[in-house]
Amino acid sequence: MKKVFSASWGQLEKGGSNVGDEAIFASQVRDLSSLEDIRIGVMSGVPEKTEEVYDVKSFDVAKGKLRAMTRGVRWCDVVIVGGGELAQDRSSLLYTPFNLHPIRLAKRFGKPAFAWSVGIGQGNELARWTPGQLRKWLGYCNGITVRDRPSLEILLDLGLNPEKVKLASDSTFTLAGDYAQPHTTSEILGVALRNVSNRQGNILPLEIRRKLGLYREPDVTGIRRKWADLLDRHIDIHGGEIRFFPFHTGSLSNSDDSECEAVMAMMKHSDRVTVIMPTGIRNFLTKISECRIILTVPLHGSILALVTGTIPIAVPYASKGYRFMEEAGIADLTVDSSSDNWSEELSVLLDRTWDTSQNILQVLSEKRSELAEKCTLNLELFRQTCLQP
């Protein structure tokens, strides 16, 4: 039996959740479980729950994430890093080194490594020393799949072997077949908010800065008011209801549920709003699939909308959001969050998309099938490079 350690995700936080990361792991488990004689391991802050839900071996992070990571690498036969954004230095200068550390451990203990459906930050999202680290440690991997073309181009420009770096798609498109019938006449608007004011390229992660008293919460009242006014206007014109989807909850970064509640408190139509808490990945995705459109700041709001057959309108805070919308062929459903008039532009785009949603979904269904097909390359390259005798 081959033991595979997925080093980049676990239900790491008691009382918290990261829907995007969990969806990635759920898709990895589905893919890897299709192979014979595979045992999967993962880090987790709630190991009993993780083992119950996913039938995997959990490595408890209660005594430290690096300790759990080391135990997982020593236990396994193959180390996987990803999926998700493997390298970016805006949220913390420790983000990329932490994500690459499993590969360092794999080399130290003589284990093969594989990067699964990863993204790479662009331009000033990477510190000047990060490309060299990517060249060194991804160069050790047996295989690498990336989820967008700009990430592929960066790795090839670094001189990585083009035979082992392949363009696939986000691993969560493995789940697309579970959601076959889009709700083209739904009167539900989904909204995924995020306070990203902490992304300033600091050395320490937000959680540690808070504990050390090094972080002061900025005033984001103006942004929240724009969201509240936009959503009230939608209800005034189109009726229906609104569902908030907090993709991240807990203390590891600004918690999306707090942001949703703050915006809802400013709305005159707050009685038409429901907050869908991430109590289970399957239920959360089903609730997204019941929306006609989802307005989303976090990347996986866009990805999982398309996975479940819902139209995403993205307001990205980083290049990864723009890269996905371009990869999906729907860059015209993106609003630049740095624009002074972003809320007005979003309101116009929402009205137009709401009225033409049925036609848009017909076009998106082909792209969704294409991304689901490309997603199979993740497992295919892994099997070729890490499981062949």
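Look above for the structure.
Note that the coordinates shown come from a computational prediction; the quantities given were computed from them, not determined experimentally.

Draft legend 1. Expanded view of the environment of Glu 344. Within the secondary structure layout, Glu 344 lies in helix 13 (residues 342–355). On the accessibility criterion, Glu 344 (46% relative accessible area) is partly exposed. In this structure the C-alpha to C-alpha distance between Glu 344 and Leu 230, which are 114 residues apart in sequence, comes to 8.1 Å. Only 3.2 Å separates the side chain of Glu 344 from the side chain of Ser 343, close enough to count as a polar contact.

Draft legend 2. Region of the structure containing the state of the cysteines. Across all of its chains, the model carries zero disulfides by this definition. For the unlinked cysteine Cys 76, the closest cysteine sulfur is that of Cys 386, found at 10 Å.

Draft legend 3. Representation of the pairing of strand 3 (residues 38–44) in the model. Across the seven residues of strand 3, six count as buried, placing the element largely inside the fold. Summarising the sheet, strand 1 (residues 2–6) and strand 3 pair through five bridges and their orientation is parallel. Note on strand 3: the bridge partner recorded for Lys 3 is Arg 39.

Draft legend 4. Molecular detail of the side chain of Asp 31. By the secondary structure assignment, Asp 31 is in helix 1 (residues 19–33). Salt bridges are absent for the buried Asp 31, whose nearest opposite-charge side chain, Arg 30, sits at 6.7 Å. When residues no more than four places from it in sequence are discounted, the contact partners of Asp 31 are Trp 116, Thr 174 and Leu 379.

Draft legend 5. A look at the sheet that holds strand 14 (residues 311–314). Spatially, 12-10-9-13-14 is the arrangement adopted by the five strands of the open sheet, whose pairing is parallel. Each edge of the open sheet carries a strand with a single partner, namely strand 12 (273–275) and strand 14. Shown here is a sheet whose adjacent strand axes are inclined to one another by a mean of 20 degrees, direction ignored. Bridge count between strand 9 (residues 188–192) and strand 10 (residues 241–244): four bridges; the pairing is parallel.

Procedures and definitions
Residue indices begin from 1 for each chain and proceed along its sequence in written order. Given that this is a predicted model, residues contribute local features only at a pLDDT of at least 70 and side-chain atom pairs are listed and counted only at 80 or more, while totals for whole chains, interfaces and linings are drawn from all residues. Where side-chain values are given, they derive from all heavy atoms of the structure, hydrogens and water being excluded. Where helices and strands are cited, they refer to DSSP runs of H or I of at least four residues and of E of at least two residues respectively, numbered from the N terminus. Relative accessibility under 20% of the residue-type maximum defines a buried residue, over 50% an exposed one, and the middle range a partly exposed one, all with a 1.4 Å probe and only protein chains included. In the analysis that follows, any N or O atom pair within 3.5 Å is treated as a polar contact, provided that within protein one partner can donate a hydrogen and the other can accept it, and provided that, for residues neighboring in sequence, both atoms belong to side chains. Any two cysteine sulfur atoms lying within 2.5 Å of each other are counted as a disulfide. A pair of strands is labelled paired if DSSP reports no fewer than 2 bridges between them. By the counting rule applied here, Lys and Arg register as positive and Asp and Glu as negative, while His and the ends of each chain are not counted. Salt bridges are counted wherever a side-chain nitrogen of Lys or Arg sits within 4 Å of a carboxyl oxygen of Asp or Glu. In what follows, residue pairs with any heavy atoms lying within 4.5 Å of each other are defined as contacts. Helix axes are fitted only over the stretch in contact, all axes being lines through C-alpha atoms; the angle between N-to-C directions runs from 0 to 180 degrees.

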